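Here is how the chains run, residue by residue.
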Amino acid sequence: SDGTEIRILRQLALAENHRHLSIVFIGGWGTVVQNWELALNELGQDFDVYYVETREKQSSKLTRDSVNNLDRLSCDIIEVVDYFKISEQRKLHIR
């Protein structure tokens, strides 16, 4: 990590609906969570959802050493998966 803090919003599915899969959702540069609220709420009924706010958002706490490029975004995603211990068996890939 380069010391930057990013905001992660997490919604855990209710036990009775849970499909035992997790979605790491990256809305994309320039979008905000409100744009995805309906989709995230729907997905959150059955899946654990982790919404990653990317580094250019105001919610980020940047340092002097912060880098903002696609390589660093990839590292952020890996760090989120590791931090929340999302296993390969629990990940749902959507393209």
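Below you will find a few notes about this structure. (Residues numbered from 1 in each chain as written. Predicted model: local features only at pLDDT ≥ 70, side-chain atom pairs only at ≥ 80, totals over all residues. Heavy atoms only, no water.)

1. What about the environment of Arg64?
Line of reasoning, step 1. Among the structural elements, Arg64 can be located in the loop between strand S3 (48–52) and helix H2 (70–83).
Line of reasoning, step 2. Placed 34 residues apart in sequence, Arg64 and Gly30 show a C-alpha to C-alpha distance of 22 Å. (Helix = DSSP H or I, 4+ residues; strand = E, 2+ residues; numbered from the N terminus.)

2. Details of the nonpolar core
Line of reasoning, step 1. Within the largest apolar cluster, 7 residues are counted, these being Ile23, Phe25, Val33, Leu40, Phe47, Val49 and Tyr51.
Line of reasoning, step 2. Looking at this core, the elements that each hand over two or more residues are strand S2 (22–26) and S3. (Core = buried A, V, L, I, M, F, W, Y, C linked by side-chain atoms within 4.5 Å. Buried < 20%, exposed > 50% of the residue type's maximum accessible area, 1.4 Å probe, protein only.)

3. Re the sheet that holds strand S1 (residues 8–11)
Line of reasoning, step 1. Here we have 3 strands laid out as an open sheet, ordered S1-S3-S2, and mixed in their pairing. Two strands in the sheet have a free side with no partner beyond their single neighbour: S1 and S2. The mean angle between the axes of side-by-side strands here comes to 15 degrees, regardless of whether they run parallel or antiparallel.
Line of reasoning, step 2. As defined by bridge partners, S1 adjoins S3 across 4 bridges and the pair is classed as antiparallel. Bridge pairing links Ile8 to Val52 in S3. (Pairing = 2+ DSSP bridges. Axes fitted to C-alpha atoms, helices over the stretch in contact; angles between N-to-C directions.)

4. Digging into the environment of Arg72
Line of reasoning, step 1. One can find Arg72 in helix H2.
Line of reasoning, step 2. For Arg72, a relative accessible area of 11% translates into the label buried.
Line of reasoning, step 3. Discounting chain neighbours no more than four positions away, the residues touching Arg72 are Ser1, Asp2, Arg55, Val67 and Glu79. (Contact = heavy atoms within 4.5 Å.)

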